[in-house]
Amino acid sequence: MFSAVAMEATRRRPKHSSNSVSPDVTEEPAGQWGRAWEVDWFSLSGVILLLCTAPFQVFFFVMACDQYQCSVTQPLVELYSGEATLGSIWDKAPSFTWTAAQIYTAWVSLQVVLYMCVPDITHKFLPGYSGGVQDGARTPAGLINKYEINGLQSWLITHALWYANAKYFHWFSPTIIFDNWIPLLWCTNILGYSVSTFAFIKAYLFPTNAEDCKFTGNVFYNYMMGIEFNPRIGKWFDFKLFFNGRPGIVAWTLINLSYAAKQQELYGYVTNSMILVNVLQGIYVLDFFWNEAWYLKTIDICHDHFGWYLGWGDCVWLPFLYTLQGLYLVYNPVQLSTAHAAAVLLLGLTGYYIFRSANHQKDLFRRTDGKCSIWGKKPTFIECAYRSADGCLHHSKLMTSGFWGVARHLNYTGDLMGSLAYCVACGFGHIHPYFYIFYMTILLVHRCVRDEHRCRSKYGKDWKRYTDAVPYRLLPGIF
Ligand code: NDP
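Below you will find a few notes about this structure. Here the residue numbering is sequential within each chain, running from 1 through the sequence in written order. It should be noted that, the model being predicted, local features are given only for residues of pLDDT at least 70 and side-chain atom pairs only at 80 or more, the latter also being counted only at that level, while totals for whole chains, interfaces and linings use all residues. The basis for every side-chain value is the complete set of non-hydrogen atoms in the structure, without hydrogens or water.

**Focus on the overall build of the protein**
Here's step 1: In DSSP terms, a helix is any run of H or I states spanning at least four residues, a strand is any run of E spanning at least two, and both are numbered starting from the N terminus. For the protein, the count of helices and strands is 21 helices and six strands.
Here's step 2: Taking 2.2 N^0.38 as the reference for a compact globule, 479 residues should give roughly 23 Å; the C-alpha atoms of the protein span a radius of gyration of 23 Å, in line with that estimate.
Here's step 3: Seen along its three principal axes, the alpha-carbon backbone of the protein occupies a region of about 70 × 50 × 50 Å.
Here's step 4: Taking all 479 residues of the protein together, 59% fall into the buried category.
Here's step 5: When checking whether two residues touch, look at their non-hydrogen atoms; a contact exists if any pair is within 4.5 Å. Taking the contacts inside the protein whose residues are at least 6 apart along the sequence as the reference set, 77% of them involve residues at least 24 apart. Radius of gyration: over C-alpha atoms. The globule rule applied is 2.2 Å multiplied by the number of residues raised to the 0.38 power. Only protein chains enter the accessibility calculation, which uses a 1.4 Å probe; a residue whose area is less than 20% of its type maximum is buried, one above 50% is exposed, and one in between is partly exposed.

As structure tokens, then:
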């Protein structure tokens, strides 16, 4: 789910059986359509810049609320005028606490237990839900991994426990997350860096599948973008599936609930803006877990390698920056007019509808191999072929009907509309909550470019036929 803006580097053809590729199929060697093999200076500078600045960006946005009522300009003005120094800002920030460490350890342990020890039963009684053991997509080396899909169940159990605590047990306050927010930031960083470093070392010493490892020869790029494709411990602890969904995304809705509880505690009421943010982001999170099996086929799981940008990103960036709207609303309790609230709801739900329908159309099309109905008609498509690293020829289809005939990434457009709705729910007082839409725009536009580069490498001339048939990416007639 989280992706920092991954740097696309130049590609080099590694030594490989040269006779495995027919030039008619793809322009690159077999199985080389994953991430880069060689890094250029531009990409390397971007990687080093992100490694050095991303943790401070997260700190800045959280600290701005803690010390400056969520103004992002005030700290800069004070720093410029000499009223504040980096040292004075740092001194005022809450530091690491053992209480936060205990909370976070309990949280991650609970998620590990739910992930590893509670096989999915929800798929047995929830109609239409795909859980339990599922196949992933074919890896560049030609493997198909199996995954235990139980994210929805983990989410339900976690939230039932949260509710039971708030209503009956009162073991901890529902504001616990907010009350320990900056100390928790240090704990998430410890886990984020530890898991990324572990994955990096593991790739050299005991990779899960050596055939699916990629080494660029540049240590920073390898650390950030990952070497192993699907690192695992044992048969089932899959790093990508675990860190991508839990602990970050299960926490997302709890973090928002904690913000709502804090508003209630501070002001005696919860604003309609806070309710909107909770509801719209709640739909997005539930959608993620309802479709967890489908997410196995998305870029994060089936194309990205596991490095710092997934490991640290899922532990730190996602829970802290995807929840900025709720944090902002604790410090600035915006009550929206009915018209404003209705417009936010409409934008959010329309965005969600486009996002979900486009994703569903592609999934249905691929699952049925094109034997389905899209917008009441048989779908049109372009036949294409590619090779995996073992030299095997595979066939695929690119749909040109439904949302996928309107533009090549309308699912991203819907996602961006939803993201904008969360921000607009916070009113227009500060730019702080709008960071999310800036970030998502950069992320998804870059993802378009990255994905299309990969598809061009994978499908060669067939991809060109597809882009001729569907010329726009996100906005028909514009981009
Ligand atoms: P897509 O679901 O758009 O998948 C892209 C892949 O789909 C391509 O690589 C290609 O894979 C296949 N494909 C492309 N065009 C077609 C077509 N016309 N017909 C059939 N298959 C096609 O991208 P993502 O995995 O990036 O995103 C999944 C969802 O997750 C999106 O809706 C996105 O908005 C969301 N997302 C959210 C993020 C967040 O942080 N909130 C971050 C990232 C994504 P193949 O090789 O199989 O042909």
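**Section: the packing of aromatic side chains**
Here's step 1: Each aromatic pair joins two rings of Phe, Tyr and Trp (for Trp, the six-membered one) with centres within 6.5 Å, and gets the label stacked for planes under 30 degrees apart, edge-to-face for over 60, and tilted for any other angle. All told, the structure shown has 49 aromatic pairs when counted by the stated rule.
Here's step 2: With a centroid separation of 6.2 Å and an interplanar angle of 80°, the aromatic rings of Phe178 and Tyr259 are classed as edge-to-face. Taken as a pair, Phe178 in helix α7 (residues 176–179) and Tyr259 in helix α11 (residues 248–267) lie far apart in primary sequence, 81 residues in all.
Here's step 3: Note on Trp317 and Tyr439: the rings are 5.2 Å apart at their centroids and 55° apart in plane angle, and the pair reads as tilted. With a gap of 122 residues between them, Trp317 in helix α15 (residues 308–321) and Tyr439 in helix α20 (residues 435–459) connect regions that are remote in the sequence.
Here's step 4: Accessibility expressed as a relative area gives 5% for Trp317, which makes it buried.
Here's step 5: Taking the relative accessible area as the measure of exposure, Tyr439 reaches 7% and is therefore buried.
Here's step 6: In this scheme, Lys NZ or Arg CZ marks a charge over a ring once it lies within 6 Å of the ring centre and within 35 degrees of the ring normal. A cation sits over an aromatic face here: Arg356 above Trp294, 5.0 Å from the ring centre.

**Section: the environment of Pro174**
Here's step 1: With respect to the secondary-structure elements, Pro174 resides in the loop between α6 (151–169) and α7.
Here's step 2: For Pro174 and Ala260, which are 86 residues apart along the polypeptide, the C-alpha to C-alpha distance reads 9.1 Å.
Here's step 3: Apart from the residues within four sequence positions on either side, Pro174 is in contact with Trp162, Ala166, Ser258 and Ala261.

**A short note on unusual backbone geometry**
Here's step 1: A cis geometry characterises the amide bond from Arg246 onward to Pro247, with omega recorded as 10°.
Here's step 2: With respect to the helices and strands, the residue Pro247 is situated in the loop between α10 (239–245) and α11.
Here's step 3: Positive phi, normally seen in glycine, also occurs at Cys70, with a value near 75°.
Here's step 4: Its place among the elements puts Cys70 in the loop between α1 (41–68) and α2 (74–81).
Here's step 5: Positive phi, normally seen in glycine, also occurs at His170, with a value near 55°.
Here's step 6: Relative to the helices and strands, His170 resides in the loop between α6 and α7.

**Thoughts on the site of the ligand**
Here's step 1: For this description, a residue counts as near a given molecule or strand if any of its non-hydrogen atoms is within 4 Å of it. By nearness alone, 27 residues border the ligand, and Asp415, Arg447, Asp451, Arg454 and Tyr459 come closest of all.
Here's step 2: At 2.7 Å from an oxygen atom of the ligand is found a side-chain nitrogen or oxygen belonging to Arg366.
Here's step 3: Any pair of nitrogen or oxygen atoms within 3.5 Å is treated as a polar contact; in protein, a donor-acceptor pairing is required on top of that, and neighbouring residues in sequence qualify only through side-chain atoms on both sides. For the ligand, an oxygen atom lies 2.6 Å from a polar atom in the side chain of Lys458.
Here's step 4: The Shrake-Rupley method, run with a 1.4 Å probe, gives the accessible areas here. Residue values count only the displayed protein chains as cover. Bound to the protein, the ligand loses 96% of the 930 Å² it would expose on its own.
Here's step 5: Contributions of two or more residues to the shell around the ligand are made by α13 (292–295), α17 (338–367), β6 (393–399), α19 (410–424) and α20.
Here's step 6: Considering every element that reaches the shell around the ligand, the biggest residue donor is α20, with eight residues.
Here's step 7: Partitioning the shell around the ligand into residue classes produces 16 nonpolar, three polar and eight charged. Here the nonpolar group is Ala, Val, Leu, Ile, Met, Phe, Trp, Tyr, Cys and Pro; Asp, Glu, Lys and Arg are the charged ones; every other residue, Gly included, is treated as polar.

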